[in-house]
Amino acid sequence: DQQVKQNSPSLSVQEGRISILNCDYTNSMFDYFLWYKKYPAEGPTFLISISSIKDKNEDGRFTVFLNKSAKHLSLHIVPSQPGDSAVYFCAASAAADSWGKLQFGAGTQVVVTP
Amino acid sequence: EPEVTQTPSHQVTQMGQEVILRCVPISNHLYFYWYRQILGQKVEFLVSFYNNEISEKSEIFDDQFSVERPDGSNFTLKIRSTKLEDSAMYFCASKKAGSLAKNIQYFGAGTRLSVL
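Predicted model only: the values in this text are computed from it and were never measured.

**Some details on the packing of aromatic side chains**
- With the rule as written, the count across this model stands at 20 aromatic pairs over all chains.
- Each ring, one from Y36 of chain A and one from F104 of chain A, has its centre 5.9 Å from the other, and the planes form 45°; the classification is tilted. With a gap of 68 residues between them, Y36 of chain A in strand β4 (residues 32-38) and F104 of chain A in strand β10 (residues 103-104) connect regions that are remote in the sequence. Comparing Y36 of chain A with F104 of chain A shows no difference in burial state: the two are buried.
- Pairing F104 of chain A with F107 of chain B gives two aromatic rings, centres 5.9 Å apart and planes at 80°, and the pair type is edge-to-face. Within this pair, whereas F104 of chain A is found in strand β10, its partner F107 of chain B is found in strand β10 (residues 106-107), the two belonging to separate chains. Grouping residues by exposure puts F104 of chain A and F107 of chain B together as buried.

As structure tokens, then:
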């Protein structure tokens, strides 16, 4: 079941530069998308989300972009900081799935180097 | 800040034994979930729970699994007879009631289940 794909398993970026994480989905019923951040031995922590009625949502250093026609979303982190080093998961859900189960991507390991 | 609490953090059991994983969701949340992540694989949905009953379950959630909200605060996942392939990280999540247009779920730190 590959409804949500994160094709880059890892990303290395210098401190202060932009991190761009990508996510693709196949299910056209998905209408709500989330990014979670996960440190080792912790659970996924909600970062930012976007509804399909928008194409951009910004929260501080984090911006999520949604391209519905391409079934693609991305997370931009500017500027990247060492504390951003973590695994980032993209997740999606469909309002038609009324109980809200999330479908996750495989995750992207981000390493921010000094 | 309110958080989802899971106990134990690590559970080791013998194959065929029953285990109960415990979760205390955020107090004003009404939707509850269990997910699992087998090492090296994706986080997978197991079950959702609302209004004291299962609202949806995945193919993984077979007769060996059950969930319960025994009181106003705890939410448990029971595996009746564990198998080696049940070894995984199990995450509990909860969500406020309200518009499903904002499906933000908050996760606990997880319970690592090791079946020997």
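Having put the structure on the table, let's press on.
**Here we look at the side chain of Q3 of chain A**
All names here are of chain A.
- With respect to the helices and strands, the residue Q3 is situated in the segment before β1 (4-5).
- Here N27 takes part through its side chain, which lies 2.8 Å from a polar atom of the side chain of Q3.
- When sequence neighbours within four positions are dropped, the list of residues in contact with Q3 reads D24, Y25, T26, N27, F30 and Q103.

**Some thoughts on the state of the cysteines**
- All chains considered together, the criterion is met by two disulfides over all chains.
- Disulfide pairing is shown between C23 of chain A and C90 of chain A; the S-S distance is 2.0 Å. Looking along the S-S bond of the C23 of chain A-C90 of chain A disulfide, the torsion reads about -70°, which is the left-handed sense. Placement of C23 of chain A in strand β3 (residues 19-25) and of C90 of chain A in strand β9 (residues 86-93) is noted, with a sequence separation of 67 residues between them.
- Under the relative-accessibility criterion, C23 of chain A is labelled buried at 0%.
- With its sulfur 1.9 Å from that of its partner, C23 of chain B forms a disulfide with C92 of chain B.

**Quick look at the pattern of salt bridges**
- A full pass over the atoms with the stated rule returns five salt bridges over all chains.
- Between D84 of chain A and R61 of chain A there is a salt bridge, with its nearest N and O atoms 2.8 Å apart. Of this pair, D84 of chain A sits in the loop between β8 (72-77) and β9 while R61 of chain A sits in the loop between β6 (56-59) and β7 (62-67); the two residues are 23 residues apart in sequence, bridging distant segments of the chain.
- One salt bridge connects R36 of chain B with E44 of chain B, and the closest N-O pair in it is separated by 3.2 Å.
- The exposure class assigned to E44 of chain B is partly exposed, which follows from its relative accessible area of 24%.

**Considerations on the interface of chain A and chain B**
- At the interface, 24 residues of chain A touch 23 residues of chain B.
- In this assembly, chain A packs against chain B so that about 1900 Å² is buried in total across both faces, 60% of it on carbon and sulfur atoms.
- A salt bridge links E56 of chain B to K101 of chain A, with the nearest nitrogen and oxygen atoms 2.7 Å apart.
- For the side of chain A that touches chain B, the secondary-structure elements that each account for two or more residues are β4, β5 (45-51) and β9 of chain A.
- A per-element tally of the side of chain A that touches chain B places β4 of chain A first, with four residues.

How each quantity is defined
- Residues numbered from 1 in each chain as written.
- Chains lettered and ligands numbered in written order.
- Predicted model: local features only at pLDDT ≥ 70, side-chain atom pairs only at ≥ 80, totals over all residues.
- Heavy atoms only, no water.
- Phe/Tyr/Trp six-rings, centres within 6.5 Å; stacked < 30°, edge-to-face > 60°.
- Helix = DSSP H or I, 4+ residues; strand = E, 2+ residues; numbered from the N terminus.
- Buried < 20%, exposed > 50% of the residue type's maximum accessible area, 1.4 Å probe, protein only.
- Polar contact = N/O pair within 3.5 Å; in protein donor to acceptor, adjacent residues only side chain to side chain.
- Contact = heavy atoms within 4.5 Å.
- Disulfide = S-S within 2.5 Å.
- Salt bridge = Lys/Arg side-chain N within 4 Å of Asp/Glu carboxyl O.
- Buried area = accessible area lost by both parts, 1.4 Å probe.

Honestly, it's all geometry; don't read function into it.
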